[in-house]
Amino acid sequence: MPYLWMEPESVLEYRGVSVYHVYRNDSIDAGRREYLYTTDITEYQDPFDIRDLSCYAQNIKHEDILKQAIEMDMLAAPLDD
């Protein structure tokens, strides 16, 4: 059965960096992963685990952690190849 690629949902766009959700089994129908995100809309780049960011804290919303990581240059837009 052929698959149809669907653009991942955006978590946020901040300072020129877009962050997208990552899905279980690479299928939007399977649901979002709780801690994995990507800055690559094509999803070719490996996702990152938000808990690995030094600014991660359990009591802070993921969007706020991602913004802080962008401000600290821990996350950047993927380079064009």
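Residues numbered from 1 in each chain as written. Predicted model: local features only at pLDDT ≥ 70, side-chain atom pairs only at ≥ 80, totals over all residues. Heavy atoms only, no water.

**Let's talk about a nonpolar patch on the surface**
We count it as follows: For patches, a residue must show more than 30% relative accessible area and have no salt bridge; joins then use 9 Å for like charges and 5 Å for nonpolar side chains, namely Val, Leu, Ile, Met, Phe, Trp and Tyr. For accessible areas, the Shrake-Rupley method is used with a probe of radius 1.4 Å. Any residue's cover is judged against the shown protein chains and nothing else. Here, a salt bridge means any Lys or Arg side-chain nitrogen found within 4 Å of an Asp or Glu carboxyl oxygen. By definition, any uninterrupted DSSP run of H or I lasting at least four residues is a helix, any uninterrupted run of E lasting at least two residues is a strand, and each is numbered from the N terminus. In this scheme, a residue with accessible area under 20% of its type's maximum is buried, one over 50% is exposed, and one in between is partly exposed, where area comes from a 1.4 Å probe on protein chains only.
Together, Leu-4, Met-6 and Ile-28 make up an exposed nonpolar region whose accessible area comes to about 320 Å². Along the chain, the position of Ile-28 falls in the loop between strand E2 (17-23) and strand E3 (32-38). You can call Ile-28 partly exposed: its relative accessible area is 31%.

**A closer look at the nonpolar core**
Heads up, the condition is: We define the nonpolar core as a collection of buried residues of types Ala, Val, Leu, Ile, Met, Phe, Trp, Tyr and Cys that are connected through side-chain atoms lying within 4.5 Å of one another.
With 15 residues, the main nonpolar core has Val-19, Tyr-37, Phe-48, Leu-53, Leu-66, Ile-70 and Leu-75 as its most contacted residues. Going through the elements one at a time, strand E1 (10-14), E2 and helix H1 (62-71) are the ones with two or more residues in this core. Here the element with the most residues in this core is H1; it accounts for four residues.

**Points about the packing of aromatic side chains**
To be explicit about the condition: Within 6.5 Å between ring centres, the rings of Phe, Tyr and Trp (the latter by its six-membered ring) count as paired, and their orientation is classed by plane angle as stacked under 30 degrees, edge-to-face over 60, tilted in between. Note on criteria: charge over ring means Lys NZ or Arg CZ within 6 Å of the ring centre, with the direction from the centre no more than 35 degrees off the ring normal.
Considering all chains together, one arrives at one aromatic pair under this definition. The interplanar angle of 35° and the centroid separation of 6.2 Å between the aromatic rings of Tyr-37 and Phe-48 together place this pair among those described as tilted. Of this pair, Tyr-37 sits in strand E3 while Phe-48 sits in strand E4 (residues 48-49), and the two are eleven residues apart along the sequence. In this structure, Arg-51 packs its charged tip against the face of Tyr-35, placed 4.0 Å from the ring centre.

**Some words on the layout of surface pockets**
What counts here: Two kinds of site are reported from a 1 Å grid over the protein atoms alone, namely cavities, where a 1.4 Å probe fits but cannot get out, and pockets, open sets with protein on both sides within 12 Å along at least five of seven lines, and residues are called lining when an atom falls within 4 Å of a point. Grid points are joined across faces, edges and corners, and a volume is the space filled by probe spheres set on the points. Note on residue classes: Ala, Val, Leu, Ile, Met, Phe, Trp, Tyr, Cys and Pro are nonpolar, Asp, Glu, Lys and Arg are charged, and everything else, Gly too, is polar.
Its volume calculated, the largest pocket comes out at about 480 Å³. Lining the largest pocket are 18 residues, with Trp-5, Asp-26, Ser-27, Ile-28 and Glu-43 positioned closest to its centre. Grouping the constituent residues of the lining of the largest pocket by class yields nine nonpolar, four polar and five charged.

**Remarks on the side chain of Thr-38**
Heads up, the rule is: For the purposes of these results, a polar contact is taken to be a pair of N or O atoms within 3.5 Å, where, inside protein, one atom must be able to donate a hydrogen and its partner to accept one; residues adjacent in sequence count only when each atom of the pair is a side-chain atom. Here, two residues are considered to be in contact whenever any of their heavy atoms come within 4.5 Å of each other.
Position of Thr-38 relative to the elements: it lies in strand E3. When its relative accessible area of 2% is taken as the criterion, Thr-38 is described as buried. Among the polar contacts listed, one links the side chain of Thr-38 to the backbone nitrogen of Asp-40, at a separation of 3.1 Å. Residues within four places of Thr-38 in sequence aside, it is in contact with Ser-18, Val-19, Tyr-20, His-21, Val-22, Glu-43, Gln-45, Pro-47 and Phe-48.

**Section: unusual backbone geometry**
Not every positive phi belongs to a glycine, and Arg-15 is a case in point at roughly 50°. In this structure, Arg-15 sits in the loop between E1 and E2.

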